[in-house]
Every structure is written in structure tokens, then in C-alpha cells.
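Coordinates in review
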Protein chains: 2
Amino acid sequence: MTDSSSAYDLMYSLPPIGGNPSTHPQQTNPGSFANPPRIAPGVEGALTFSSPDTPGMPGVSENTAWDFMPEGWELKAGYENNYETAEAWIPPSDFLPVTQLEFARCGTITPEMERVAEREPHLTAEQIRDEVASGRMIIPANKVHLGYQLDPMAIGRASKTKVNANMGASPVSSGTEEEIEKLEWATRWGADTVMDLSTGGDIDGCRQAIIQNSTVPIGTVPIYSMIIARRLEDLDHASILQMLKHQAKQGVDYFTIHAGVLQEHLSLVTQRLIGIVSRGGSLLAKWMLHNQSQNPMYELWDEICEIMREYDVSFSIGDGLRPGGLADGSDRAQLAELCVLGELTERAWKNGVQVMIEGPGHISFDQIEFNMKVQRKLCHGAPFYVLGPLVTDIFPGYDHITSCIGATAAGYHGASMLCYVTPKEHLGLPKKDDVKQGCIAYKIAAHAADVALGIPGTRNRDDDLTEARAALNWEKHFELSFDPDTARALHDEDLDVDTDFCAMCGHDWCSVRISKEIQEFMSGKSEDYAWDKAKKTLPLTAEQQEILEKRGVLSPDQIHKLASKVKQEMTGDQDKASCHSDYVAPEEAQEMQTSKQLPVLNQKL
Amino acid sequence: MTDSSSAYDLMYSLPPIGGNPSTHPQQTNPGSFANPPRIAPGVEGALTFSSPDTPGMPGVSENTAWDFMPEGWELKAGYENNYETAEAWIPPSDFLPVTQLEFARCGTITPEMERVAEREPHLTAEQIRDEVASGRMIIPANKVHLGYQLDPMAIGRASKTKVNANMGASPVSSGTEEEIEKLEWATRWGADTVMDLSTGGDIDGCRQAIIQNSTVPIGTVPIYSMIIARRLEDLDHASILQMLKHQAKQGVDYFTIHAGVLQEHLSLVTQRLIGIVSRGGSLLAKWMLHNQSQNPMYELWDEICEIMREYDVSFSIGDGLRPGGLADGSDRAQLAELCVLGELTERAWKNGVQVMIEGPGHISFDQIEFNMKVQRKLCHGAPFYVLGPLVTDIFPGYDHITSCIGATAAGYHGASMLCYVTPKEHLGLPKKDDVKQGCIAYKIAAHAADVALGIPGTRNRDDDLTEARAALNWEKHFELSFDPDTARALHDEDLDVDTDFCAMCGHDWCSVRISKEIQEFMSGKSEDYAWDKAKKTLPLTAEQQEILEKRGVLSPDQIHKLASKVKQEMTGDQDKASCHSDYVAPEEAQEMQTSKQLPVLNQKL
């Protein structure tokens, strides 16, 4: 409750980044290009301009979770200017820490913090404790889930950028077993957390099974379960708290709760092109209008905190008013809700509960830095968990790409976790390959952001792959790839032998091969990657065959040929792939490309 | 030749953005995360730090092409401080303008400038002329190609961001007819220019046919043709000029010439992880080492300019030392070459030739803004034509994504044209679908950058699509999509009727439908998009069937069902798709989803 009124001041005195007229600007004056006028939110009629170089971005908040201590904690004398440490505080005499935040406030390093330090080798357990205490990092780890197989992880600006994948049964699809299969698939492709957004089937049993089987934190949006077999309008305070308690007890690690969308915001939405696109947000808006009452999640906030504290469930405070199109990006509705999210963050910290904040879905590329910074200002550095954002609206079918562009910039400018978007976004329920494509696009975004941020060690694998590439060591190249099967399959599609060029440029035109010829440029110096002769490669695995089948470039016969080109090894010996030594002479390899036997190079495009 | 020595000063006194140690930083001190030391290029031993907020980026050059006028042009008295206009200058008495740059310097608006103004409605023909005169924009339009079917377009910071697609026959693949087919395919998916990088087949006849058939500018890398049937080492000045003259006469619109990589740079390359990855760069390096002579392209620069001026061929000055991995990004070799590119730009302008500059291939996300700005500084605002850059190295098979992230940031921070990268980059020769995927990823990048830059009108289609989405008007939604067939196919895969929800959330959980229910949020207000009843959709077209077949989610039977669900229209009447009116009741549509007849929703992930 402290200085969130100043948040509004910030919002309306901001430099003119973001904000959009609600109708298309007319192109009546082509001469205005150099400085196209834009209307800042809340500054009707003011003509302002945002450029890449606009100065005056909001600064980081001066506060941390140490500024929002619970009632009863006493600051020791002499620590007034140095209170951001456990030493400075005396907890109430009967205080027993429960949440990771509370342990951190007491100066305790928990086993979960130790484990996170193992998984984030650039950070010590002490640093992790201090980041958790400051509110800039969370360890979403429900005590119940810790009793099963949860492997603790952290979400925060100082740790590596994380990726979330959404899954969940729909009213007509899939049972518990299939959801477990989805969970394994998503984590195989790198999901660091998974949200179970089920809206149908045996929701309760399914959630239970997911939690018991998951090594990654599980998030839910509890309002979905609250309105199963109940009219939305009939939802009441008692049933809300009951469902939250039930899911907390089951072991859910974080709850998305859309408590920031308030009655007074609803009029701001009417100017939008696409209203409310958050499911939770639209449901609560409908409830508020029908019941002529304030958002019950907001009203119940402190009671909700109490339930969550008991099991150490973390908040993922939902952005019910996130923009659903570029036209609505950074508008008054979105920013007004964000101010409330800041207030809710402060109140959660006062209750000892860990918090992250959800962020916008569609905003143009120029507004991303601003969005990340204003969130860090208003929410005092609580981890930001963003959906995309999509940086254009006109590419349905490719929104894993439109959004991972935004996610990379978001990660670089301050987001801590990126919620994936699949190619099926806006179109239908994602299928297995969509989940994979979404995960990979987001692993790219998270990794690119970490490299850009200079987190120590994150670029090592890139550099190792570059060395293998320089040495034209294809086997190493693919081993170091994020998706080795796809890389190998695409390579072998053209050329089923590993030699000192690839089919893209061919022998005579390979710059890397030419560089190697020039002794002074000797690349691939590392002996680990050196090799001399062209190698026969293993036949395609079943997985690689499937990749090529789906591409549809080669005929079944051609794929079969690649799959049986040498004696198929069926021993299941994983080491085979990296130790075989069927060499072919370089001349032979070159001949293979220039002879007309290669199936693809001659193919009509 | 003017102030490029100060360019070196700039380079070595730069704020500590970019530059990478040549070996992996060891993670010995986890506490150093907050300020990971990096070594700036050329400042051995200096510990410096780059963060997103590092101030002190290089400013824009104070010079333009008006500062590099040819010999013999006379500045009128009184115009010393106002010389950036045709009025200020008296050309030599016998001067006849040939290139677009020269016409612009004379104050003339050419028919090509008029045409560009039609295609870029936010700019007037006068503005285009002035941008061309300043060197910040080029119109690559060989006079010979204008005699065929070339539709003039512009590349520059003030115009919309452009996309280039590479194609070309390899030593073993494809003939002229197939290359023409590739050309049509690339332009269908949005390529604004095409580079013919052929290294085999009937190179000359193929180039001729491409030029005659192309409505978009064609670029080449002439050194490739120069060394066909000749040992690289034997290449001499006469044969270089001969081939350039020949291709200019054929009608090539721009030449990539790697004149910036000099003998003195070669020692800088030895510290790299992956040496030289530019084909032209590696060939010229090999030539220089063998002949112990300076780069012949550099030596011949003014003579080359003379040939290019005669036909108005534009330069795309190649970056022979572009980094081939993150580890080599923004290193001394790259920046040293860039300084020479600035000098070559000045000399080209003095010769009346239009210039763009090629840029880096692999640099981390944090270094993109720096790279764009240092180029604008050193090359005085000449248009920057970038390849990617890739922002991570470990995702071969997905490099259309890793690179379109970098391309978006590059476009936003100053690049004018983006050279596409396909999923096959580093692995093999791109196939038809790879070309499409590469084009689409780059159309996303270019469009997202244009929207972010606020170019008037560029967001209109996004907003129209958002309105259609808000109105749940699927037909409009897909018509406004960049790839309507894919969007429609993915939608129909789950639900072959258009109704007021999609299979992602289903009826009860559709936020947009709920928003529409709430009168106050009435989205999709525009009457253009309004519709009331669920609609039966047309059967899948052959193209849409193929998309679903390749996804491999549905069985052939299921796809057949979607393709024949209503009487197949074989009239070829394109209007059918948007005017049919087979309505189904909303209840029936809802029933369709909840009944078990839908093929996919029940499918195991």
C-alpha cells in the first residue's frame, strides 16, 4: 500500500514510450515519418514520439522485499541504513519460518537453496538466499511436492532464464495417462516448469498424478476448477478459499491468480480493439459485472496469502488485462492493473509469500524494454513471467516465432521466465509437435538472453559447437546441438557421409574448409574436435527417419536407403554413435556429392 | 579516405560493449555474476563490463554522401553551411547523370523514385530523392534490368525494411527452369530482392534468364563466376574487371564485393574460433596469401566503380570477415574491416555509385544495437544489409529462428535489409519448404521492426486482424494472415466449422467469446467484421491438405474427410471462399466439439 500512488504518477508522467491511438493513424502527412506522432496513455491530445533512443526509461525500484516486512518483525537499532540482511531483524518470538522467503529472511540456507546453487553454478547458496530474501528470486516448491520428486529450481533475474510450457486436458480430450505423457514430452524439450491448465476430464485426479510424477514445479490457474459444475456468477468467497486450500494441499507449486483486475479498470477496456484475452481475467470481469462487486481475489488477498504460506505455494500474479493485440499494448488498462500488481506484491511479501508477476502478451518490439522496466519499478524487482510477447499479429500459424522474438528481448531486459507459445496459438489445441516447436523456440529465446546478459558459462556450449563446426567435425557438431536428431537428419538428407564440407556450399565452395586450408587461420584448433578423414555415418534412427518423412522432401525409398546404408545396429548401445570409425577417403566423399547418386541435390525445388 | 583514421580511434575508445575473450571465461568466481568481466577488443587486460544500460553508444555520423562529392562539382558561394541540397552545387559542365544517386544530386526525381513513392506511401518522391542523395537510401535498378520487368524498390532506413532470399544452382543441381521456379517461389513468400549465388550449371545463361524474368532486383557475388574453370590463385585484375563488366551489362542490380578484407587483417583472424566464414572472404584471403598481394577488389575499387556507374549497379560491400560464431562477434577483425567499408563507401559516393554495406552473421543479442550504430557511424548512414545475425550457435536446424530474432533487433536499431537464413543453414542445401520457412521468419522480423519503428500505416493490417479476431470472424482472420492456408489448415485440423470459439480453449473457456458476452467490452465493433452465426467452412484445398499431411497429425482418412466435407467446388472461383453462407446453429457448433466425432481433440499427444 506504500508508494503505489506514486506508481500512477510514474505511469502518467512517463516519457512517451508506448501507448497507441485506438484507431489507425491516418497517413495524411507523409512528411511526418521522421517523427510519427503517438498518443501517450492518459495524455489525450498530447503528441509525443518514441524512438529507439528515447531517454528517460523508468529506473529500478528503490525498494525490495526487505521494505515490506510482516507485522511484528523488529529492526535492530543501528541498522536503519543497512536493513537488507537477516542480521538486522528480530522476528516475533513465536515465529517459525515456513516459506523459502521466510527462511531467507532468517538468514537460513535451505536444502532447496543448496540444490539451486548446484544447478546454477554461477551463483552460491548464499547469493541465492539473499536474492530470495530480496524478493528478486523465487523457489516455487510446495512442501507436499517436495515430498514426491520435485527437483528445486529458481526463477529470478540472477539465475538463468526459465521456460514454462502449458498443458492440460480439455473438456473432451485426454485422460491422466496422456497428461503424464505430455508432461514428459514438455520436460524432454526443456520446460523448466509446467502449467496444468486442465478444464475438463478428471481434473482433480489428473492434477494429483501430474504433481506426483513431475520433477519440475507445477502451476495452475485455480479459478478454472472453481467453476466446474458451478455457474461462474455463483462463485463465492468460501468456495474460492476451499479450492485454493485443496490445491495447495495437493502440492501445486504456484498459483496464477488474477487479483489485479479491478472494477474500476473495466471502463478502461472499452476502448480496446480486443477487450480481455486472459481467460481468468474475462471470467472475473464477468463475475464483477454480474455481482456488482469488487474482484473477490483482490478482496481475499490476505486470506489467500495465509493458505499459500502454509504450504509455500508461490504467487504468479496474473495479468488479467494483458493486451491481446499490438493496438492494445501498453495501454491504460494494462498499466493500471500493473500498478495493482505492485500493491499485491507488497502485501504478499508482508505475508511471507513468494511472488512472481505475469506480463503482457502482444506488444510491439519497441515497447518491450519499457514494459520490463516499468514492471521492475512497480513490482520492486519481483520476477517477471512473460507470455511472449508477440511482436506482430498477422502471422497466425507462426506465433511461436513472432513471440520468441519478443521473449528474447523480454529476457534480456528483465524477464525471468518465458511462457511458451506454440504454432497453434489462436488456432487450436497444440499437438505433440507443436509442443516441441514451442519449447525449442523458447529455449532459443532463454538461451540467447542468458548469453546476452553475460551469465558466466552460458556461452560455453555455443563456443564448443563453433569449434566443432570449424573443425568440420559433424558428429561433435550434432552432439552439441539442442536437437541432434533434427540436425543430423537435415544433414544426411543431402549427404550421408561426414566430410570436410556440407551440401549447402559443396566441396569447392566451403569457406570453413578453405579457412582450414590456410594454415594461418587454422580453426578448430582444439584436439577434442580434430579429425582427418571423411567418415561413414550410422544409418538414420527411427526418430530421424520420422523427421525426414514429415518434411516430405525424400520419397519413402530414399529414406529407407539412408536408414539402411550400413548394417543397422540394434544393440541399443548409445556409445556406438560416437565411436564408430568407418572412414572413407576424401576423394570418395567428394565423388559422392558430384555423382548423380545423391537423392536430393537434383530435386526440383 | 577522409576521416576513417578517426574510425579506428572510435573503435578502440568505444565503451565496453562487445568483444569476447578468445577462450571461455572460467567460472572460478561465482560472485562475479553481477559484473562479469569482459575484455574489450584491442584493450588487452582491461576489465570492462557491458550491460543493457551501458551508456555511450557511438553517435550517428555527421557526414552524408553530400560530404563525398566527385571531383569537379562546385559548391556555390553562400552554401557552405547548407550544402546538402542540389541547389548548392554546380556539376561539371559536361556532366550527365547516370545513377539514381547522380540524378538525386542534380535534384531530379526519376521515374524509379516516383514508383518507389507509390510503393512506400509514407514517403513522397521528393523525400526519396533526398534520401538517395544523402546516401541513406538506394534504388538498386540496373538500367538493363529496367528494360525488362524490374519493379523499382528502395532499401534504406526511411523505407520499409526489406528481405533478401538467396538461391542459385549448385555444381550438381538444377537448371535454368528450376531457378526461375525458385525465383517465383521466393518472391511469392515476400522476398524483396533475390541473390543468385549459383556456383554450377549454366551459370551465365541462368543469370540471364533470372534477370529477364525477375520483377525484383537481382544481386550476385561476381567472384564466384570469376573462378569457374580457373584456379583461384590465377585470378588477375583483367579478368575481374571483365566479369564485372559482363554481369553489369547483363543487368545485375547489385554486386557483393568483398573489398574490405585486407592483407593486414589476416593476422587478426588467427585468434578466432572459426576463422573466415564468408565464401568470398575466404577465397580472397587465400588469393592474398598465395600472391602476397593486397586484395585486388580493394586495389581496383575506382575502376570497379566506373563500370558499375555506367549501368547503375549498386554496391553491396561484402563483410568478408563477418563472425561465424558468437565467440568471434564484434572482434578486432570484424571492426577493422568495417572501418575499411566506411572508406570504400566514401570512395563509391565520390564515383557516383550507390552503396549498401553487408553486416555480421553471428553476434549475441546485447551486441546488436552496438553493431548497428557503429556501422551507421563509420559508413555515414549507408543502408545496412545484415545476415541474421544468429543470437546463439547451438540450434542448427532452427537457425531461421535464432537469426530472425537478431534480424528483428537489427532492423529496429538500423538495418535496412535482412538476408534470410533457412532451417538448413550449416547443414545442407535448402529445399522448397526451407525457402518458405526462411522467407516467413524474415517477413516477421522486417514487419515487427517496421511496426516498432512506427512507420505510418505498417500496423494497420495487425489492427484489422485483431478486430477480426475480436469478432471471432475466422474468415477475415485468415484472409488477413500472412499465410492463410497454414492458418486455415491448423484451425480446421481440430474444428471444421467457424464458430465463436476455437479448439484451443473450447466454447466455455474462450475469453474473446466471454468478452463479447459482456456488452461493455464489446470487441469487434467494426461492422466489417461482424457476423452472428457459426458457418460451415469450405473443404480443405489441395494446398491445405498438403500442410496437414506434412504435419502428420491426422490420418489420410481424416484429412480426406476435411477435404470433402461439403460438395467440393472445382470452379476455380476465388471469391467462393469469402462469400459462402452455409450457416450452422451455435448449439450445433458446440455440439460438434463436445461430440466425439472430432478427429483430433481426442488424439493422444
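Residues numbered from 1 in each chain as written. Chains lettered and ligands numbered in written order. Predicted model: local features only at pLDDT ≥ 70, side-chain atom pairs only at ≥ 80, totals over all residues. Heavy atoms only, no water.

The following threshold applies: UniProt positions are given in the numbering used here, feature names are shortened, and annotations may be inferred rather than shown by experiment.
Per an unreviewed UniProt entry, chain A goes by the name Phosphomethylpyrimidine synthase and belongs to Gimesia aquarii. The heading Pathway (unreviewed entry) in the UniProt record of chain A holds the text "Cofactor biosynthesis; thiamine diphosphate biosynthesis." UniProt lists a comment for chain A under the heading Sequence similarities (unreviewed entry), and it reads "Belongs to the ThiC family."

**Structural notes on the pattern of salt bridges**
Residue and element names in this part refer to chain B. Heads up, the rule is: Within this document, salt bridges are pairs made up of a side-chain nitrogen of Lys or Arg and a carboxyl oxygen of Asp or Glu, the two lying within 4 Å of each other. Per the convention used, a helix needs a DSSP run of H or I reaching at least four residues, while a strand needs a run of E reaching at least two, with both numbered from the N terminus.
Scanning the entire structure with this criterion turns up 54 salt bridges over all chains. Residue D192 pairs with K443 through a salt bridge whose shortest N-O separation is 3.8 Å. In this pair, D192 sits in the loop between α6 (176-188) and β6 (193-196) while K443 sits in helix α17 (residues 432-453), placing the two residues 251 residues apart along the sequence.

**Things to note about the sheet that holds strand β6 (residues 193-196) of chain A**
Residue and element names in this part refer to chain A. Put simply, the rule is: For two strands to be treated as a pair, DSSP must find at least two bridges joining them. With axes taken as lines fitted to C-alpha atoms, and helix axes fitted only over the stretch in contact, angles between N-to-C directions fall between 0 and 180 degrees. Any two residues having at least one pair of non-hydrogen atoms within 4.5 Å are treated as being in contact.
The parallel closed barrel is built from eight strands, whose spatial order is β5-β6-β7-β8-β9-β10-β11-β12. Along the sheet, successive strands turn relative to each other by an average axial angle of 25 degrees, direction set aside. Taken together, the four bridges between strand β8 (residues 254-257) and strand β9 (residues 314-317) define a ladder with parallel strand orientation. By the bridge assignment for β9, I257 is matched with I317. Across the sheet, helix α6 (residues 176-188) is in contact with β5 (162-167), β6 and β7 (218-220); its angle to β5 comes to roughly 155 degrees. Against the sheet, helix α14 (residues 332-350) engages β9 and β10 (355-359), with an angle of about 165 degrees to β10.

**Focus on the UniProt feature "binding site: [4Fe-4S] cluster" (unreviewed entry) in chain A**
With numbering aligned to this structure, UniProt lists the feature "binding site: [4Fe-4S] cluster" (unreviewed entry) at C502(A), C505(A) and C510(A). If near-sequence neighbours (up to four positions away) are discounted, C505(A) is found in contact with C510(A) and R279(B). Examined against the element boundaries, C510(A) turns out to sit in the loop between β13 (497-498) and α21 (511-517). When sequence neighbours within four positions are dropped, the list of residues in contact with C510(A) reads L472(A), D500(A), F501(A) and C505(A).

**Looking at the relation of the copies chain B and chain A**
Heads up, the rule is: The copies are overlaid by a least-squares fit using only the C-alpha atoms of residues whose pLDDT is at least 70 in both copies.
With an RMSD of 0.0 Å, the fit of chain B onto chain A corresponds to turning through 180 degrees and sliding 0.0 Å along the axis. Between the two chains, the operation in question is that of a two-fold axis. When the interface residues of chain B are mapped onto chain A, 99% of them again fall at the interface, so both copies present the same face.

**Focus: the interface of chain B and chain A**
The test is simple: The term buried area means the drop in 1.4 Å probe accessible area that two parts suffer when joined, counted for both and summed.
Of the residues lining the interface, 153 residues belong to chain B; the matching set on chain A comes to 152 residues. Across the interface of chain B and chain A, roughly 13300 Å² is buried in total on both sides, 65% from carbon and sulfur atoms. Connecting chain B to chain A are six salt bridges. Residues D494(B) and K424(A) are paired through a salt bridge, measuring 2.9 Å at the closest nitrogen-oxygen approach. Top element by residues in the side of chain B that touches chain A is α17(B). It accounts for 13 residues.

**Overview of the sheet that holds strand β5 (residues 162-167) of chain B**
Ordered in space as β5-β6-β7-β8-β9-β10-β11-β12 (chain B), the eight strands form a closed barrel in which the pairing is parallel. Strand-to-strand twist across the sheet, computed as the mean angle between neighbouring axes with direction ignored, equals 25 degrees.

**As for the environment of W73(B)**
Residues and elements named next belong to chain B. Formally: Each residue's exposure class comes from its accessible area (1.4 Å probe, protein chains only) as a fraction of the maximum for that residue type: buried when under 20%, exposed when over 50%, partly exposed otherwise.
Following the sequence through the fold, W73 ends up in the loop between α1 (4-12) and β1 (74-75). Judged by relative accessible area, which is 10%, W73 ranks as buried. The spacing of W73 and W89 is 16 residues in sequence and 6.6 Å in space, taken between C-alpha atoms. Once residues within four sequence positions are removed from consideration, W73 is found in contact with W89, I90, P91, P92, F95, R105 and C106.

**Focus on the nonpolar core**
This is how the line gets drawn: Nonpolar core, defined: a set of buried Ala, Val, Leu, Ile, Met, Phe, Trp, Tyr and Cys residues in which side-chain atoms within 4.5 Å join the residues together.
One finds I257(A), F315(A), F365(A), I257(B), F315(B) and F365(B) to be the most contacted residues of the largest nonpolar core, which totals 258 residues. Setting aside its immediate chain neighbours within four residues, F315(B) contacts F255(B), I257(B), W301(B), I304(B), C305(B), M308(B), A348(B), V353(B), Q354(B), V355(B) and M356(B).

**A look at the packing of helix α22 (residues 542-551) of chain B against helix α23 (residues 556-563) of chain B**
Residues and elements named next belong to chain B. Put simply, the rule reads: Should an angle fall under 35 degrees it is taken as roughly parallel, and over 145 as roughly antiparallel, whereas 65 to 115 is taken as roughly perpendicular and any remaining angle as oblique. Note on convention: the crossing is left-handed when the near helix lies turned anticlockwise from the far helix by less than a right angle, right-handed when the turn is clockwise. Three classes are used, and their members are as follows: Ala, Val, Leu, Ile, Met, Phe, Trp, Tyr, Cys and Pro are nonpolar, Asp, Glu, Lys and Arg are charged, and the others, Gly among them, are polar.
With their axes 10 Å apart at the nearest point, α22 and α23 run at an angle of 160 degrees to one another. The angle between α22 and α23 falls in the class roughly antiparallel. Relative to α23, the crossing made by α22 is right-handed. Contacts between α22 and α23 pair Q545, L548 and E549 from the former with I559, L562 and A563 from the latter. Grouping the constituent residues of the contact of α22 with α23 by class yields four nonpolar, one polar and one charged.

**Quick notes on the confidence of the model for chain A**
All names here are of chain A. The condition that has to hold: A residue's pLDDT is the confidence the predictor assigns to it, expressed on a 0 to 100 scale.
On average, residues of chain A score 83 in pLDDT, and 82% of them are at 70 or above. Below pLDDT 50 for its whole length, residues 1-55 participates in 121 contacts with residues either more than four positions away or in separate chains. Predicted as a complex, the structure gets a pTM of 0.88 and an ipTM equal to 0.87.

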